[in-house]
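# Chain and residue survey
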Amino acid sequence: MSVLPLLIQEAIKARAKAYAPYSRFSVGSALSCDGLIYSGCNVENAAYPLGSCAEAGAISAMIMAGMRKIDEVVVVGGDLPCTPCGGCRQKLREFANPDLKIYMVSAQGDVLLVRTLEQLLPDSFGPDHLV
Ligand SMILES: O=c1ccn([C@H]2C[C@H](O)[C@@H](CO)O2)c(=O)[nH]1
Ligand SMILES: [Zn+2]
């Protein structure tokens, strides 16, 4: 069952907690696993490359809760659809099927763009390659 409205709410709440004094680009993300929701925000650093993305924070929260499979993802940030960066696409891929739906949502909660993981990261490398 989709918990999309809740995911959107949680991603917007997470975005309000972003620590982004350098880029001034706040991002929130929320993901669902078996109906449970985990969220994260971007956390920047004075040593710029050490900043982390909202999606990475949400994945950490999910792992800390003992979960391993992402059902849906929402990302909120900026006026254009905030598509996950390349690194986050790969991080999501570790814990999701290629048909994972990623919803890019506005600060007002409107869905701006929907893509599958396969669309954002075609022919991806994943855990199966290592067996
Ligand atoms: O999907 C995205 C795209 C960007 N950022 C963050 C990284 C950085 O802190 C800021 C500007 O790139 O936005 C995210 O958290 N998620
Ligand atoms: Zn990222």
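One can find the structure itself at the top, above this paragraph.
Residues numbered from 1 in each chain as written. Chains lettered and ligands numbered in written order. Predicted model: local features only at pLDDT ≥ 70, side-chain atom pairs only at ≥ 80, totals over all residues. Heavy atoms only, no water.

## Description of the sheet that holds strand β4 (residues 101-105)
One open sheet holds the five strands; their spatial order is β2-β1-β3-β4-β5, and the pairing between them is mixed. The open sheet has two edge strands with one neighbour each: β2 (36-41) and β5 (111-116). Along the sheet, successive strands turn relative to each other by an average axial angle of 20 degrees, direction set aside. In this structure, β4 lies alongside β5, joined through five bridges in antiparallel fashion. Bridge pairing links lysine 101 to threonine 116 in β5. Lying on the sheet, helix α1 (residues 4-15) is in contact with β1 (28-33), β2, β3 (72-76), β4 and β5; it crosses β1 at an angle near 145 degrees. (Pairing = 2+ DSSP bridges. Helix = DSSP H or I, 4+ residues; strand = E, 2+ residues; numbered from the N terminus. Axes fitted to C-alpha atoms, helices over the stretch in contact; angles between N-to-C directions. Contact = heavy atoms within 4.5 Å.)

## Concerning the coordination of the zinc ion (ligand 2)
Looking at the zinc ion (ligand 2), the protein donor atoms are Cys53 (SG), Cys85 (SG) and Cys88 (SG), and they sit 2.2 to 2.3 Å from it. Here the donor residues for the zinc ion (ligand 2) map to a single chain with the spacing C-x31-C-x2-C. (Donors = N, O, S within 2.8 Å, 3.2 Å for Na, K, Ca; no water.)

## Some details on the nonpolar core
Counting residues in each nonpolar core, the largest one holds 22 residues, and the members touching the most others are Leu31, Met62, Ile70, Val73 and Ile102. Of all elements in the fold, only β1, α2 (54-64), β3, β4 and α4 (117-120) reach the threshold of two or more residues within this core. Among the elements that take part in this core, α2 stands out by supplying four residues, more than any other. (Core = buried A, V, L, I, M, F, W, Y, C linked by side-chain atoms within 4.5 Å. Buried < 20%, exposed > 50% of the residue type's maximum accessible area, 1.4 Å probe, protein only.)

## Some thoughts on the pattern of salt bridges
A complete count under the given rule lists one salt bridge for this structure. Between glutamate 10 and lysine 13 there is a salt bridge, with its nearest N and O atoms 3.1 Å apart. You can see glutamate 10 and its partner lysine 13 sitting in helix α1, three residues apart, about one turn around the helix. Relative accessible area serves as the criterion here: at 22%, glutamate 10 is assigned to the partly exposed category. (Salt bridge = Lys/Arg side-chain N within 4 Å of Asp/Glu carboxyl O.)

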